[in-house]
Amino acid sequence: MKKKKQNEPKRNVSFSQFGSYNLLFEYFITHGLEQNYVRPPEITKRTMELGNRNSPDFVCSPFKFTLGCFLEAIEAGADTIVQVGGVVACRLKYYGSMQKKIIEDLGYDIRFVNLAEASREDPRSFLALFRKINPDFSLVKILRTGITVVAMLEALDRVQLTVSKNAGFELRDGDFDREFRRFCGRLLKSPNDPISVYRIYRETKKNMRAIPTDVPEHPLRIAVIGEYYTVMDDYSSHNIEKKMAKYGMRVERWMNVSHTLLHYSAPKRRKIIRDYVQYDMGVTTTSNVGFALECAKKGFDGIIQLKSFGCTPEIDAMPVLRSISSDYDIPILFFSFDCQNADTGIETRLEAFYDMIRLKKEAQLKSGAPERAAAAI
Amino acid sequence: MKKAYLGVDVGSISTKGVIIDENKKILAGEYLYTKGDPMNAVRTLLRRLEQQFDAAERTVVAVGTTGSARKLIGAVLNAAVVKNEITAHAIGTTNIHPDVRTIFEIGGQDSKIIILRGGVVTDYAMNTLCAAGTGAFISNQAARLDIPVEEFGAIAMRSNDPTPIAARCTVFAESDLVHKVQIGCSKEDICAGLCRAVVLNYLNNVAKGKKIEPPIVFQGGVSKNIGVVRAFENETGQEIIVDENGHLAGAFGAAILAMRSGEERPFDFAVTEMDFKITGKSCGRCANNCEVIRVFRDGEMIDSWGNRCERGAAKA
C-alpha cells in the first residue's frame, strides 16, 4: 500500500504572490511535504486583470490579486493551490471557499487547500490539510522543515525591517534591494536547519551594515500601517515604501507576518489604546491603532495608512487615527487602493505629504514651535 | 537685464500661468481652458503671456510647473521645479494672505483642503477615488439644466429655499436632481441646492476631521461660483475670502518655488514654435506592459517615464 502511494507523481503546488513570503511556502512544500512547487509569475497588470475579471466587483483587492496569481500559476502548471485564511474577522475568512468555487467554475480541475479550514487550537487539523497535498507525508520532515521555516520567517522580517528603515539613505541606488534579493535567494537554497538560516541572516545583516548610507541628524520618521496584504505586498501598495525611500524617509512598519503571528499580544495593545478604543474592530485594527499611538508618542513625523478600497476594519480605524493625529499633532495620510493603473495621484499626495512634514520639521528644529518659526519660511 | 520667473499650472479643466519679478509681483497672468490638450493649452498660454510681458526689460530665468500635467509640461518647458499642486497652492496663497489658516480648493477634477498654522502646512487632505463635488460635476449639471456654468452661482443666489439634494455621491446627487426637476422644483432652488450639496460633500468628505479656522481662503475654479461661496459661508459660519487672483495661486506658487530653487535654466517663448511629439507605447518586455511615455522636441527625445524597471527604460 505504502509503496504504491510513493509512486504517485508529485503534485505541483502553488501559493499566491505575497511580499517575499512566497519563498517560505516554496521551502515548506519542497522540503517538508516533498512536492514540486510552481512559483507564481510576478504580479503584473495581466495578473490584476485576470483577478479582476473573475472576482466580484466590490471585493477587496487582495482577493483579486491572489485569484489572479492562482490563475497564472495554474497556467504555469500548478495542480494544487494553497490559500490562507484563518481566525480573522473579515472577508479574508471567505477568500478560500470563494476562490475555490470560482476556479472550479472556470473549468479547472485542481486541488484547493484552504488553510482557513484548519484551526490553530487543533494542530491536527493542519495534518489533514497536509495530507491533501501529500497523503504520505513524513511528520518528522514536516516538523523539521517547520522549525526552519519559522526561523526563516523571523530572519526575513528582520531583514525586511532593516531595508525599510535604511533604504532611504543609501548612497547608491538599489543597494539594499539587491542585498535583500540575494538574501531571499540564499534562504531558498539553505540547508534544512535553523542554524544555517541564522548564519545567512547574520551575514546579510553584516553586508547591510557595510552598505554606505548617509543618514541625516533628524531623519523623517514615518509609521506605515494598514491592511495586511496591501501593507506587505509591493505591487498592491504601488511600491510605496520605495517611493518613500526616494524622499529619504525612514519607514517604520510593525505589520508583518512574524510580528502578527508570533509576537503579537492583543491584551497588551488593547491596554495601550484603551483611551481610544474599548473593543476590537476586527483583524489588524487593534495592532494598527496601537502601533500608530506608540509612534505618535515617540514623536514620529507622520503616519501613512494603506488599505484596499472598501476594507471595512481599516475604515473603522480611521476616526480613531484622526483623533490620535489631532491629539498628538501628527499628520496622517490615508490611501485606498483598488486596481487602478496610474501612479500620478499617489505621487501627488505623497510628495505633498513629504513637503508638509519636512517644512514642519524644519520649522520645529529652528525654534521648537511651528507658530514662531513661521516667519522664517 | 532683470530676472523674471514663470509658473505654469496645468489642471484637468484649466491651464494657468503667471510671470513674477524678484519681489513676487505678478507681471503677467493668464487663465484658459485645457480642453483635453495640455500641450496646446500651454502653447496658447505662453503666447498670451508673452504679449503681456516686456521681454526687452526682463528675461524668464526659471520655470516651475504644477497641476496634474506638471511632469509633461515640466519636461517640455525644461522646468527647474516640478511640484505637486498642494505645496504650490500653499506657497502661493501664503504669499498673498500670510495669515491664512485654512485653504479650500475645488478644481475641475479634484478638491483639497489645506490647514496652515503660522504659514506652515500642518495638515491637508485631497479627495480620493471620486470626483463628487468638483467643478466637473457642477459643469455637467449646469449643462443638464441648460444654464451657462458662469451664471450658475448667480441663479442660485436668487433662491430663498434651496432644494435638498443628496450630497453623498454624484450618482445619488444626479438622480436626486433629475427627480427634483421632474416634480417641478424651480431652477433657482435646484441650483442653490446643488451648491449646498457640493459644500456638504466637501465638508463631510474632504474636510472631515479637519479643524477649520479662519481666515479661510477659497480657491479653484469653483470659487468663482458665488452660490458655492455663499453655501460655504452658511455652513461654516465664517467669512470666506475669494480674491481675484485666487485661480492663479497654484501657478503663482510654482513661480515662487522656481525662484527659490536658485536654479536657472534657459527659457525662450519660442518654445511655442517648436515641434513637440509625445508617444505612449506599451513596453512589451514582460506581462506588466508598462506604458512608457516619450517626449520628443524637434525629433529628439528629451524625456521619458512610466517604466517600472530598467528593462523598459527608453533609449534616446
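Just so it is clear, the structure is predicted and the values come from calculations on it, not from any experiment.

Looking now at the packing of helix α7 (residues 139-166) of chain A against helix α8 (residues 175-188) of chain A. For any two helices packed against each other, the geometry is given by the interaxial angle and the distance between the axes. All names here are of chain A. Where α7 contacts α8, the axes come no closer than 10 Å and their chain directions differ by 175°. Our classification of the angle between α7 and α8 gives roughly antiparallel. Between α7, through Met-152, Ala-155, Leu-156, Val-159, Gln-160, Val-163 and Asn-166, and α8, the contact on the second element is made entirely by Phe-176, Phe-180, Phe-183, Cys-184 and Leu-187.

Residues and elements named next belong to chain A. Strand order across the open sheet formed by four strands is β2-β1-β3-β4, with parallel pairing between neighbours. Edge positions in the sheet fall to β2 (36-37) and β4 (111-114), since each has one partner strand and no second. As judged from the three bridges shared by strand β1 (residues 12-15) and strand β3 (residues 80-83), these two strands associate in the parallel manner. The residue bridging Phe-15 from the neighbouring strand is Val-82, located in β3.

For the rest of this paragraph, the subject is the sheet that holds strand β6 (residues 249-252) of chain A. All names here are of chain A. Pairing in this open sheet of four strands is parallel, and the strands run β6-β5-β7-β8 from one edge to the other. At either end of the open sheet lies a strand with only one pairing partner, and these are β6 and β8 (332-337). In this sheet, adjacent strand axes meet at a mean angle of 25° when their direction is disregarded. Bridge count between strand β5 (residues 220-226) and strand β7 (residues 302-308): five bridges; the pairing is parallel. Paired with Ile-222 across the strands is Gly-302, a residue of β7.

The next point concerns the domain arrangement of chain A. All names here are of chain A. Each assigned domain of chain A is listed here: domain 1 (9-137), domain 2 (142-215) and domain 3 (216-369). Distance between the C-alpha centres of domain 1 and domain 3: 29 Å. Contact with domain 1, which involves 22 residues of that partner, is made by 23 residues of domain 3. For the pair domain 1 and domain 3, the summed buried surface comes to about 1800 Å²; carbon and sulfur atoms form 64% of the total. Across the domain 1-domain 3 interface, the total number found is one salt bridge. Across the salt bridge formed by Lys-64 and Asp-338, the nearest N and O atoms sit 3.5 Å from each other. Applying the counting rule to domain 1 against domain 3 returns six residue pairs in polar contact (both at pLDDT 80 or more). For the side of domain 1 that touches domain 3, the secondary-structure elements that each account for two or more residues are α3 (45-53) and α4 (61-75). In terms of residue count, α4 provides more of the side of domain 1 that touches domain 3 than any other element does, five residues in total. Residues of the side of domain 1 that touches domain 3, tallied by class, amount to eleven nonpolar, seven polar and four charged.

Cut-offs used in this document
In this convention, every chain numbers its residues from 1, walking through the sequence in written order. Chain letters and ligand numbers both follow the written order, the letters beginning at A and the numbers at 1. Whole-chain, interface and lining totals are the exception, using all residues; otherwise, since this is a predicted model, local features are given only for residues with pLDDT of at least 70 and side-chain atom pairs are given and counted only at 80 or more. Computation of side-chain values: all heavy atoms of the structure, hydrogens and water removed. In this analysis, axes come from line fits to C-alpha atoms, helices being fitted only over the stretch in contact, and the angle between any two N-to-C directions falls in the range 0 to 180 degrees. Under the scheme used here, helices are H or I runs from DSSP no shorter than 4 residues and strands are E runs no shorter than 2 residues, and both carry numbers assigned from the N terminus. Roughly parallel means an angle under 35 degrees; roughly antiparallel, over 145; roughly perpendicular, 65 to 115; everything else is oblique. When checking whether two residues touch, look at their non-hydrogen atoms; a contact exists if any pair is within 4.5 Å. At least two bridges found by DSSP between two strands are what make those strands a pair. For the domains described, the bounds stem from an automatic or database domain assignment. Here's the idea: put two parts together, see how much 1.4 Å probe accessible area each one loses, and the total over both is what we call buried area. In the sections that follow, a salt bridge refers to a side-chain nitrogen of Lys or Arg positioned within 4 Å of a carboxyl oxygen of Asp or Glu. N or O atoms within 3.5 Å of each other form a polar contact, as long as, within protein, one can give a hydrogen and the other can take it, and as long as residues adjacent in sequence are counted only when both atoms are side-chain atoms. Here the nonpolar group is Ala, Val, Leu, Ile, Met, Phe, Trp, Tyr, Cys and Pro; Asp, Glu, Lys and Arg are the charged ones; every other residue, Gly included, is treated as polar.

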